[in-house]
Amino acid sequence: MDEFKKLKKIKLSDYEKRNLFNRISNSIKEDGENVELHYPIPSPFFRFSSLLENKRSFVLVFSVFFLFLISTTVFASFNTLPGDLLYGVKINVTEKISDLTYLTPESRAEHNLRKIERRINEFEKLAEKGRLTEENTKKIEKDVDKNFGDFDHNLGQIKKDTKENKNRLGKMLRSDLQKHTEKIKKIREDKKVSNKRALQSVIERVHSSDSE
Amino acid sequence: MNPSLEKIFEKAYADNIDGLFRFVLYKVSDKEQAIDIVEDVYLRFWQTLQKEKVEEIRAYLYKIARNLVIDWYKKKKSIPLQSFKGEESENSELYLDMFTGNLVGIDVMLEVKIVIEKIASLEPIYREAVYLRFVEEMTPKEIAAVLGESTNVISVRINRGLNLLKLKLHI
């Protein structure tokens, strides 16, 4: 019965409790007791423990904590690279949720483009840090290929009357990829990198767009 | 001086001060008087600690508090002992003024007043058992120790008292 719990709200303030404790302590000393009593200071966690006694407060506290946990995890995943613990969160949660916010074929294609560039940047950062393993490269290539496919699909859905947008996006893709081509080739030439055809689809894409 | 006695005392204070104050306030309806009685409870508890080990500290504190409240009513002859003897008191209404608690808002006070009045309207044998069980969340065993009854008797009183209270609160 919640009615009983309401009664529990009747209590002395911290100040009154401390005063009463001092009164008791002084009375004991006046009786000739050589004793030093210390006011028991409640733990800072104990102060908030009452929040967990009520079902509604418990749900609220739990929800806030859960949201905090989710948001910090998502935030922490932003700058992760393949092989990091939270990289899966970045790819499978953060980016998939952000996919849902793009509604038109143009905006979706632009989003694919940004993701491709993000993957290439990750590839370059891994190479700088000497962490470019076969497994990491495969993860990146797989996502780049998927986004190339999605980009083409979204480009195909753009209506004829907005053909300008289609051309603009094509040019954007080409210029973005071209910026990275030389760097990708240099990384592949590095002795430490075993996969000499890493991100081949990016290179091929640039060549094919050059020949068009 | 045994330092562990001080720790026991300090812990007993921290763990029970809120409940004891509420329990005494519920009975005497006067905040300052309730604080004085609670002070006496802890002084007596300290004296007992010097002489013997107290096993059930919580039950012991409430038992002292209950006895001190009875003594207070006996000394205060102008107020009869209805709240312990069972007759309806003319002054049975508990006034909001008695709770000058800093943490309680007026809306909560009104709800609290209703619940207190309903509990107070129960027969005395159920009143304390219900209060100690559901407000102070004592076990039937602890209540039995406070009231000097068997655990079975207390369990029966709690069940019957709760059913009567539900009827009064229309739950």
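See the structure shown above.
Residues numbered from 1 in each chain as written. Chains lettered and ligands numbered in written order. Predicted model: local features only at pLDDT ≥ 70, side-chain atom pairs only at ≥ 80, totals over all residues.

Novice: Before we move on, can you summarise the overall build of chain A with the specific residues and values?
Specialist: Counting secondary structure elements, chain A contains 9 helices and 0 strands. Along its sequence from the N terminus, chain A presents helices and strands in the succession α-α-α-α-α-α-α-α-α. Expressed as a percentage of the 212 residues in chain A, the buried residues total 21%. Across chain A, the fraction of contacts at a sequence separation of at least 24, relative to all contacts at a separation of at least 6, is 59%. (Helix = DSSP H or I, 4+ residues; strand = E, 2+ residues; numbered from the N terminus. Buried ≥ 20, exposed ≤ 12 C-beta atoms within 10 Å, placed from the backbone. Contact = placed C-beta atoms within 7 Å.)

Novice: Mind laying out the overall build of chain B, listing which residues take part and the relevant values?
Specialist: In terms of regular secondary structure, chain B is built from 8 helices and 0 strands. The linear arrangement of helices and strands in chain B, starting from the amino end, is α-α-α-α-α-α-α-α. In chain B, buried positions account for 36% of the 171 residues. Of the contacts formed within chain B by residues at least 6 apart in sequence, a portion of 59% connects residues at least 24 apart.

Novice: How would you summarise the packing of helix 6 (residues 105-129) of chain A against helix 8 (residues 163-189) of chain A if you had to cite specific residues and measurements?
Specialist: All names here are of chain A. Direction vectors running N to C along helix 6 and helix 8 enclose 5°, while the axes themselves pass 11 Å from each other. Classified by the interaxial angle, the pair formed by helix 6 and helix 8 is roughly parallel. Contacts between helix 6 and helix 8 pair Glu-106, Ala-109, Glu-110, Leu-113, Glu-117, Ile-120, Glu-124 and Ala-127 from the former with Asn-165, Leu-169, Met-172, Leu-173, Asp-176, His-180, Lys-183 and Ile-187 from the latter. (Axes fitted to C-alpha atoms, helices over the stretch in contact; angles between N-to-C directions. Parallel < 35°, antiparallel > 145°, perpendicular 65-115°, else oblique.)

Novice: With reference to specific residues and values, describe helix 6 (residues 124-135) of chain B.
Specialist: Every α-helix carries 3.6 residues per turn, so stepping three or four residues along brings you back to the same face. Residues and elements named next belong to chain B. Under the 1.5 Å per step criterion, the end-to-end length of helix 6 is 16 Å for 12 residues, consistent within 8% with the ideal 16 Å. The buried count for helix 6 comes to 10 of 12 residues, which makes it a mostly enclosed element. Two residues or fewer past helix 6, Glu-137 is found with a positive phi of approximately 55°. (Expected span 1.5 Å × (residues − 1).)

Novice: Explain the nonpolar core to me, using residue names and the numbers behind them.
Specialist: Among the nonpolar cores identified, the biggest contains 52 residues, and Leu-20, Val-24, Ile-37, Val-38, Val-41, Leu-61 and Ala-65 of chain B are the most heavily contacted of them. Residue assignment for this core shows that the elements contributing at least two residues are helix 2 (14-30) of chain A together with helix 1 (3-28), helix 2 (31-51), helix 3 (57-75), helix 5 (106-120), helix 6, helix 7 (140-147) and helix 8 (151-169) of chain B. Top contributing element to this core by residue count: helix 1 of chain B, with 11 residues. Counting 20 residues, the second largest nonpolar core, distinct from the first, contains Leu-113, Ile-120, Leu-173 and Val-202 of chain A. (Core = buried A, V, L, I, M, F, W, Y, C linked by C-beta atoms within 7 Å.)

Novice: Tell me what's going on with unusual backbone geometry, and back it up with residues and numbers.
Specialist: For residues other than glycine, phi is negative in most cases, and the peptide bonds are mostly trans. Phi at Leu-199 of chain A is positive, roughly 55°, even though this residue is not glycine. Relative to the helices and strands, Leu-199 of chain A resides in the loop between helix 8 and helix 9 (200-211). Among the residues examined, Leu-199 of chain A registers 25 C-beta atoms within 10 Å and is labelled buried. Residue Ser-29 of chain B is not a glycine yet carries a positive backbone phi of 55°.

Novice: Describe helix 4 (residues 55-77) of chain A, listing the residues and the values that go with them.
Specialist: Between its first and last C-alpha atoms helix 4 of chain A spans 33 Å; for 23 residues at 1.5 Å apiece the expected length is 33 Å, and the two agree. Across the 23 residues of helix 4 of chain A, 1 count as buried, placing the element largely on the outside.

Novice: How would you explain the packing of helix 2 of chain A against helix 2 of chain B if you had to name every residue and give the values?
Specialist: One can describe the packing of helix 2 of chain A onto helix 2 of chain B by two numbers: an axis separation of 10 Å at closest approach and a directional angle of 45°. Compared by their axis directions, helix 2 of chain A and helix 2 of chain B come out oblique. Note that helix 2 of chain A runs across helix 2 of chain B; the crossing there is right-handed. Where helix 2 of chain A approaches helix 2 of chain B, its residues Leu-20, Arg-23, Ile-24, Ser-27 and Ile-28 of chain A are matched on the opposing element by Ile-35, Val-38, Glu-39, Tyr-42, Leu-43 and Trp-46 of chain B. Considering only residue class, the contact of helix 2 of chain A with helix 2 of chain B consists of 8 nonpolar, 1 polar and 2 charged. (Left-handed = near helix turned anticlockwise from the far one by under 90°. Nonpolar A, V, L, I, M, F, W, Y, C, P; charged D, E, K, R; others polar.)

Shape descriptors only; they carry no functional weight alone.
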